[in-house]
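Read off the chains here:
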Amino acid sequence: MLTSQSVLSAEPTLRLAAFLGVLMVMILWEVAAPRRRREIPRVIRWTNNIALVMLDTAILRLTFPILAVGLAVMAEERGWGLFNNVDAPVWLAIVASMLLLDLAIYLQHVMFHAVPGLWRLHRMHHADLDFDATTGLRFHPVEILISMGIKLAVVAALGPPAIAVLLFEVVLNATALFNHANIDLPRPTDRVLRLIVVTPDMHRVHHSVDPRETNSNYGFNLPWWDWLLGTYVAQPAKGHDDMEIGIEQFRTRRDLWIDRMLIQPLRGPASGHALDPHNKTKEPDA
Ligand SMILES: [Zn+2]
Ligand SMILES: [Zn+2]
């Protein structure tokens with residue numbers, strides 16, 4: 001029987017193995033079947049994006065005494081949260097917890113686009129000038145800390161089985177690498193896959209420089225929230241080959257260095273967020 005404690009002790013190895021395994025597969029796939037031509041030499045983006053994810057991980061570990069799986073174990077021991085107080089079958093608690101965690105991440109992503117101060121943090125993810133698996137690792141450390149705070153609050157309220165939280169985190173990590181990958185999926189495969197998971201073509205729309213496209217397709221795992229809640233855009237207006245990746249600000253190669261990424265929230269106006277009235281007046285150039 002899989003105990004919560006054994007889930008907790010397996011977490012670091014399982015997560016690291018899944019992360020490195022999926023990253024390697026995506027990198028090989030990008031070499032074998034790239035979707036778009038690269039604009040920026042890989043060495044600049046990869047060294048800085050990978051340095052950033054290492055910094056994020058260190059800051060996260062040093063800031064929080066307990067992370068999401070640990071809190072789920074603690075909640076179970078102390079009877080906190082919904083699923084530790086109702087008599088639901090384990091499979092139902094696992095499925096419902098994973099769905100609700102995914103909805104919470106979707107809503108959090110919408111919030112990071114809508115609130116100007118939070119957009120300053122999150123736009124750093126969008127300021128990458130190419131779109132590949134390492135883009136999926138590129139988040140400001142303060143965004144990572146706020147996300148973990150929200151996730152811990154959701155875990156405390158839900159009281160999900162620890163295995164559900166671990167599975168959710170491993171799957172989210174894998175899908176984030178997959179749906180940022182610069183890979184050329186056959187269109188029919190994309191259409192079918194898109195019914196159950198966010199594909200690279202679906203998430204690439206979210207990295208378009210056009211604010212109407214930036215502010216769409218917020219899902220990372222499941223595409224369903226975007227369909228149900230009206231934020232789904234099927235394809236970029238200019239097509240995948242001609243669309244421009246990034247945001248209006250921060251378009252130099254120097255902006256891709258880690259020191260510039262870290263101070264980006266303090267630079268320039270917060271324009272382009274989802275509630276910015278100027279977004280509507282922008283017309284696509286002919
Ligand atoms: Zn975003
Ligand atoms: Zn993204």
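Since this is a predicted model, take the numbers as computed values, not measurements.

So, how was this worked out
Residues numbered from 1 in each chain as written. Chains lettered and ligands numbered in written order. Predicted model: local features only at pLDDT ≥ 70, side-chain atom pairs only at ≥ 80, totals over all residues. Heavy atoms only, no water. Helix = DSSP H or I, 4+ residues; strand = E, 2+ residues; numbered from the N terminus. Contact = heavy atoms within 4.5 Å. Areas by Shrake-Rupley, 256 points an atom, 1.4 Å probe, with all protein chains shown as cover. Lys, Arg positive; Asp, Glu negative; His and termini not counted. Charge placed at Lys NZ, Arg CZ, Asp CG, Glu CD. Donors = N, O, S within 2.8 Å, 3.2 Å for Na, K, Ca; no water. Axes fitted to C-alpha atoms, helices over the stretch in contact; angles between N-to-C directions. Left-handed = near helix turned anticlockwise from the far one by under 90°. Nonpolar A, V, L, I, M, F, W, Y, C, P; charged D, E, K, R; others polar.

Enquirer: Could you clarify how one ought to interpret the overall build of the protein in this entry?
Expert: Scanning the protein from terminus to terminus reveals 14 helices and zero strands. Along the protein, helices and strands appear, N-terminal first, in the series α-α-α-α-α-α-α-α-α-α-α-α-α-α. Projecting the C-alpha coordinates of the protein onto the three principal axes gives extents of approximately 60 × 40 × 40 Å. Within the protein, counting contacts between residues at least 6 apart in sequence, those at least 24 apart form 75% of the total. For the protein, the accessible surface area stands at approximately 13400 Å², while carbon and sulfur atoms represent 70% of it. Taken as two groups, the 26 positive and 28 negative side-chain charges of the protein have centres that lie 5 Å from each other.

Enquirer: Explain the coordination of the zinc ion (ligand 1) to me, please; I cannot follow it from the model alone.
Expert: Around a metal, the perfect tetrahedron of four donors has angles of 109.5 degrees, and the perfect octahedron of six donors has angles of 90 or 180 degrees. On the protein side, the zinc ion (ligand 1) has His109 (NE2), His113 (NE2), His122 (NE2), His126 (NE2) and His206 (NE2) as donor atoms, found 2.0 to 2.2 Å from it. Sequence positions of the donors to the zinc ion (ligand 1) reduce to the motif H-x3-H-x8-H-x3-H-x79-H. In this structure, the zinc ion (ligand 1) lies 5.6 Å from the zinc ion (ligand 2). Of this pair, histidine 109 and histidine 113 both sit in helix α4 (residues 90–114), four residues apart, roughly one helical turn.

Enquirer: Is there a simple way to think about the packing of helix α5 (residues 116–126) against helix α6 (residues 141–158) in this case?
Expert: The description of two packed helices rests on the angle between their axes and on the distance between the axes. Interaxial distance between α5 and α6 falls to 8 Å at its minimum, and their mutual angle equals 115°. Considering only the axes of α5 and α6, their crossing is left-handed. Contacts between α5 and α6 involve Leu118, Leu121 and His122 from the first element and Val142, Glu143 and Ile146 from the second. Classifying every residue of the contact of α5 with α6 by side-chain character gives four nonpolar, one polar and one charged.

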